[in-house]
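A structural walkthrough
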Amino acid sequence: MKVTSHILDFEGGREGLSEPLSVYLHVPFCRSKCPYCSFASSVPRSGDVALYLSALESELAGLTRLSGGSLPARTLYIGGGTPTVLSVEEWTRLMDLLDRYIDRGSIEEFSVEANPESLSDGHLRFWRDRGISRISIGVQSLDDDELRWLGRLHDSNEARRAVIASVASGFDVSGDLMFGLKGQTLRKWHRSLKALAELGVGHMSLYQLTLDNDSFWGKKPPEGVFDGYSHYRWAQWYLPRIGFDQYEIASFALEGHWSLHNLAYWNRDNVVGLGPGAWGYLNGLRYENDPSLAGYRDSVRSSGFAVVYSERIGGVAEASESAILALRTKWGIDLDGFCRRFGSGLKARLLKCLSEIPDNCLEWRKGSVALTRKGMRVANSIWERLLWEE
Ligand code: SF4
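You'll find the protein chain entered in an unreviewed UniProt entry as Heme chaperone HemW, with Dethiosulfovibrio peptidovorans DSM 11002 given as the organism. The protein chain has a UniProt comment under Subcellular location (unreviewed entry) that states "Cytoplasm". Under the UniProt heading Sequence similarities (unreviewed entry), the note attached to the protein chain is "Belongs to the anaerobic coproporphyrinogen-III oxidase family. HemW subfamily."

Structure below.
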């Protein structure tokens, strides 16, 4: 009963499927499970990839039945998991499926995620031929001790090779780096930032190591994890000096290299989530697909959908979420737009909450307000003030 009601909720969002939107496709496989990871991913057993691809076809068929035609994508993002666990042959099948059900006539960005140990020259050639424009590489660190401690399968040489080959193949390349790692001095952190920039990436995403309860380390925390406030602050100081503008709390980019797909999340644009464990957002409805491969397959085979959770975000909660997501970015909140969307009462409430935040955390501009660098460093305490439930 519960699943049925989620499907009905989801079907209510169908009108959002006919305009160009963002599409996220989750590939739920990795070569091994990192101890800090709680994403929906597992090491594939024999037959799992074929099962996944055939279930994905059922989901795409269900969605296009609902929308009455192919899904018009503005941005497409294939993430995971580790999409490079799929061989080029499996990628061919995946892309053939997408071409059958997704209309790329209005596409502005097509990204894939890759991990250094499984990214091959064959992937790069195939992606170039099939119109992929951007690769986000899970570098995490360019220090071998840190990579070993994280349980990653690649070393710094493999990470360098993956970035260099991707840049040389003409892709717009982003690299992820993590801070708060055991033994990671500021000097080591600086070396990773500098080296990654010198390899030719146009974008970096920086993350504090966090231990979700569902991860192995969440249950059995290792020694040496620390709050990386000073590392983050260093990146905020250093990266703009070499041309990387901080356009979002965790994102730094050279001019013109923003992630359009991620901007869709922060702008609360429609995002269709495909695959096990994928999240989507359609006209105010946030939903999640079944994270287990078997559950996902059974659901899409019987109904064309695998939605196991959905919630409608409206009223005060929507205003609160919209303010927080806008403040994540350097553009901040457009105050007139906020007022038009949510009314003068909620705008007054927003201004009152913001007035309680220290001056050095906010930058007031004509018609908008954004976080300063200091504000981005203490964003979690700011969100606490802006999380309204009623
Ligand atoms: S490679 Fe990424 S998705 Fe896979 S287990 Fe490690 S952190 Fe999780």
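**A closer look at the nonpolar core**
Residues Trp91, Trp127, Met204 and Leu206 are the most contacted members of the largest nonpolar core, which totals 98 residues. In terms of residue count, helix H2 (residues 48-67) provides more of this core than any other element does, 10 residues in total. Taken together, domain 1 (2-266) and domain 2 (315-386) each give at least three residues to this core, which thus spans both. Tryptophan 127 has contacts with Thr84, Trp91, Val112, Glu113, Ala114, Leu119, Ile132, Ile135 and Phe171, leaving out every residue within four places of it along the chain. Counting 9 residues, the second largest nonpolar core, distinct from the first, contains Cys37, Met178, Leu181 and Leu209.

**Quick word on the packing of helix H3 (residues 88-101) against helix H4 (residues 121-129)**
Closest axis-to-axis distance for the H3/H4 pair is 10 Å, and the angle between their directions is 20 degrees. It follows that H3 is roughly parallel to H4 by the angle criterion. In this structure, H3 meets H4 at a crossing whose hand is right-handed. Across the interface between the two elements, Val88, Trp91, Thr92 and Met95 from H3 touch Gly122, His123, Phe126 and Trp127 from H4. The residue inventory of the contact of H3 with H4, partitioned by class, reads 5 nonpolar, 3 polar and no charged.

**Digging into the UniProt feature "domain: Radical SAM core" (unreviewed entry) in the protein chain**
Mapped onto the present numbering, the UniProt feature "domain: Radical SAM core" (unreviewed entry) falls on residues 15-248. In residues 15-248, helix accounts for 40% and strand for 21%; the two terminal C-alpha atoms are 30 Å from one another.

**Remarks on the side chain of serine 192**
Here serine 192 shows up in helix H7 (residues 186-198). If sequence neighbours within four positions are ignored, serine 192 has contacts with Ser141, Leu142, Asp143 and Leu177.

**Some points on the sheet that holds strand E14 (residues 333-334)**
The 3 strands are arranged E14-E16-E15 in an open sheet whose pairing can be described as antiparallel. Each having just a single partner strand, E14 and strand E15 (362-365) make up the two edges of the open sheet. In terms of strand pairing, E15 meets strand E16 (residues 368-371) through 4 bridges, oriented antiparallel. The partner of tryptophan 364 across the bridge, within E16, is valine 369.

**A word on the pattern of salt bridges**
Pairing between side chains of opposite charge can happen when their charged atoms approach one another. A complete count under the given rule lists 19 salt bridges for this structure. Across the salt bridge formed by arginine 100 and glutamate 57, the nearest N and O atoms sit 2.8 Å from each other. Here glutamate 57 lies in helix H2 and arginine 100 lies in helix H3, a separation of 43 residues in the sequence. Exposure remark for glutamate 57: the relative accessible area of 23% places this residue in the partly exposed category. Its salt-bridge partner being arginine 148, residue aspartate 145 comes within 2.7 Å of it at the nearest N-O pair. Taken as a pair, aspartate 145 and arginine 148 lie in helix H5 (residues 144-150) at a separation of 3 residues, close to a single helical turn. Its relative accessible area of 57% is what places arginine 148 among the exposed residues.

Scoring rules and cut-offs
Residues numbered from 1 in each chain as written. Predicted model: local features only at pLDDT ≥ 70, side-chain atom pairs only at ≥ 80, totals over all residues. Heavy atoms only, no water. UniProt positions renumbered as here; feature names shortened; annotations may be inferred. Core = buried A, V, L, I, M, F, W, Y, C linked by side-chain atoms within 4.5 Å. Buried < 20%, exposed > 50% of the residue type's maximum accessible area, 1.4 Å probe, protein only. Helix = DSSP H or I, 4+ residues; strand = E, 2+ residues; numbered from the N terminus. Domains from an automatic or database assignment. Contact = heavy atoms within 4.5 Å. Axes fitted to C-alpha atoms, helices over the stretch in contact; angles between N-to-C directions. Parallel < 35°, antiparallel > 145°, perpendicular 65-115°, else oblique. Left-handed = near helix turned anticlockwise from the far one by under 90°. Nonpolar A, V, L, I, M, F, W, Y, C, P; charged D, E, K, R; others polar. Pairing = 2+ DSSP bridges. Salt bridge = Lys/Arg side-chain N within 4 Å of Asp/Glu carboxyl O.

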